[in-house]
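Chain residues, written in single-letter form:
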Amino acid sequence: MRVVAKQRRIFDRRGFISSVNAIIGENSYDSAKRPDVVQMLKAALQDGQREIRKRFDAGGGGPNVFSGNAFLIDQLVRVIFDIATERVYPTANKTTSEQLSVVAIGGYGRGELAPHSDVDLMFIQPYKQTPYIEQVVEYILYTLWDLGLKVGHSTRSIDDCIRLSKRDVTIQTSLLDARWLWGDQSLFGKFYRRFRSEV
């Protein structure tokens, strides 16, 4: 993935989290504040897109736009994941079945995201889907849709990934470019090792 210069001009994660904390509190979550959080996310998305456009107009070139867009969406997904898992559905001690890894796949997995392209995400869970994982995934997806993003998504166990990619070359191809975004990194590591060795 191409390195993005002056990343905080596209998205200042620390500053954004401070702004969210000022609205919803540092360790709490009030569902009535969700529209405010969505508006903040929309503003951050638009500000980031303006910065990327400004760089392009200054001669930055297409590859820089693609990597800048991927970086911006990466940061938004990470912030939304953290809000979902730490504020909306917090768990003191996650069980193995509540582990979740968010993965970029396809062109987005390569760190290339053209303007208005689909954001292709895969949520990896250890086994079958639990109510906790379903709630977190729904929160993330609904928030991304509220931002006006087109999201291609799947929720799979590692066994599902291996089985489906052996049967479907389209799935196999999209998983070749899988890139860990956020969540449980060791779960992604297990998937990656099995995919490389078995597929």
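Residues numbered from 1 in each chain as written. Predicted model: local features only at pLDDT ≥ 70, side-chain atom pairs only at ≥ 80, totals over all residues. Heavy atoms only, no water.

## Quick notes on the overall build of the chain
Working step 1: Check the secondary structure of the chain and you find nine helices and four strands.
Working step 2: Over its C-alpha trace the chain gives a radius of gyration of 17 Å, about what one expects of a compact globule, namely 16 Å for 199 residues.
Working step 3: For the chain, the spread of C-alpha atoms along the principal axes amounts to about 45 × 45 × 25 Å.
Working step 4: In the chain, 76% of the contacts between residues at least 6 apart in sequence involve partners at least 24 apart.
Working step 5: In the form shown here, the chain has an accessible surface area of approximately 10300 Å², with 49% of it arising from carbon and sulfur atoms.
Working step 6: The chain carries 28 positive and 23 negative side-chain charges, and their two centres are separated by 5 Å. (Helix = DSSP H or I, 4+ residues; strand = E, 2+ residues; numbered from the N terminus. Rg over C-alpha atoms; globule rule 2.2 N^0.38 Å. Contact = heavy atoms within 4.5 Å. Areas by Shrake-Rupley, 256 points an atom, 1.4 Å probe, with all protein chains shown as cover. Lys, Arg positive; Asp, Glu negative; His and termini not counted. Charge placed at Lys NZ, Arg CZ, Asp CG, Glu CD.)

## Here's the deal with the nonpolar core
Working step 1: Ranked by internal contacts, the top residues of the largest apolar core, which has 46 residues, are Ile73, Tyr108 and Leu121.
Working step 2: Among the elements of the structure, helix H2 (13–24), helix H3 (34–57), helix H4 (62–88), strand S1 (101–104), strand S2 (119–125) and helix H6 (131–146) are those that each provide at least two residues to this core.
Working step 3: Looking at which element gives the most residues to this core, the answer is H4, with 12 residues.
Working step 4: The residues touching Tyr108, leaving out its near neighbours within four places in the chain, are Ala70, Ile73, Asp74, Val77, Leu113, Val119, Asp120, Leu121, Arg179 and Leu181.
Working step 5: Judged by nonpolar contacts, the second largest core, of 15 residues, contains Ile105, Ile162, Leu175 and Ala178. (Core = buried A, V, L, I, M, F, W, Y, C linked by side-chain atoms within 4.5 Å. Buried < 20%, exposed > 50% of the residue type's maximum accessible area, 1.4 Å probe, protein only.)

## Overview of the pattern of salt bridges
Working step 1: Tallied over the entire structure, the rule returns 12 salt bridges.
Working step 2: Close ionic contact of Arg13 with Asp82 constitutes a salt bridge, the shortest N to O distance being 2.6 Å. Here the residue Arg13 occupies a position in helix H2, and Asp82 occupies one in helix H4, the gap between them amounting to 69 residues.
Working step 3: Taking relative accessible area as the criterion, Arg13 reaches 22% and is therefore assigned partly exposed.
Working step 4: Ionic pairing is found between Arg55 and Glu51, a salt bridge with its closest N-O pair at 2.9 Å. Here Arg55 pairs with Glu51, and both are found in helix H3, just four residues apart, close to one helical turn.
Working step 5: Accessibility expressed as a relative area gives 23% for Arg55, which makes it partly exposed. (Salt bridge = Lys/Arg side-chain N within 4 Å of Asp/Glu carboxyl O.)

## A word on the packing of aromatic side chains
Here the distance between the centres and the angle between the planes together describe a pair of aromatic rings.
Working step 1: Going through the model one piece at a time under the given rule, you end up with six aromatic pairs.
Working step 2: Linked through ring pairs, Phe188, Phe191, Tyr192 and Phe195 together constitute an aromatic cluster.
Working step 3: It is Arg34 that lies over the ring of Tyr139; its NZ or CZ is 5.5 Å from the centre.
Working step 4: A cation over a ring is seen here: Arg179 above Tyr108, with NZ or CZ 5.4 Å from the ring centre. (Phe/Tyr/Trp six-rings, centres within 6.5 Å; stacked < 30°, edge-to-face > 60°. Lys NZ or Arg CZ within 6 Å of the ring centre and 35° of its normal.)

## Structural notes on the environment of Gln75
Working step 1: Mapped onto the elements of the fold, Gln75 is located in helix H4.
Working step 2: Using a relative accessible area of 8% as the deciding quantity, one classes Gln75 as buried.
Working step 3: Counting along the chain gives 62 residues from Gln75 to Arg13, while the straight-line C-alpha distance between them is 7.0 Å.

## A short note on the environment of His153
Working step 1: Of note, His153 is situated in strand S3 (residues 151–157).
Working step 2: Placed 49 residues apart in sequence, His153 and Ala104 show a C-alpha to C-alpha distance of 9.5 Å.
Working step 3: Setting aside anything within four residues of it in sequence, one finds His153 in contact with Leu121, Phe123, Leu141 and Trp145.

## Overview of the sheet that holds S3
Hydrogen bonding along the main chain pairs the strands of a sheet, whether they run parallel or antiparallel.
Working step 1: Strand order in this open sheet of four strands is S3-S2-S1-S4, and the pairing throughout is mixed. Because the sheet does not close on itself, it has two edges, and the strands there are S3 and strand S4 (179–183). The mean inter-strand angle of the sheet, taken between neighbouring strand axes irrespective of direction, is 25 degrees.
Working step 2: Summarising the sheet, S1 and S4 pair through four bridges and their orientation is antiparallel. Each bridged residue has a counterpart across the sheet, and for Ser101 the counterpart in S4 is Gly183.
Working step 3: Its contacts with the sheet put helix H7 (residues 158–167) on S2 and S3, and the angle it makes with S3 is roughly 110 degrees. (Pairing = 2+ DSSP bridges. Axes fitted to C-alpha atoms, helices over the stretch in contact; angles between N-to-C directions.)

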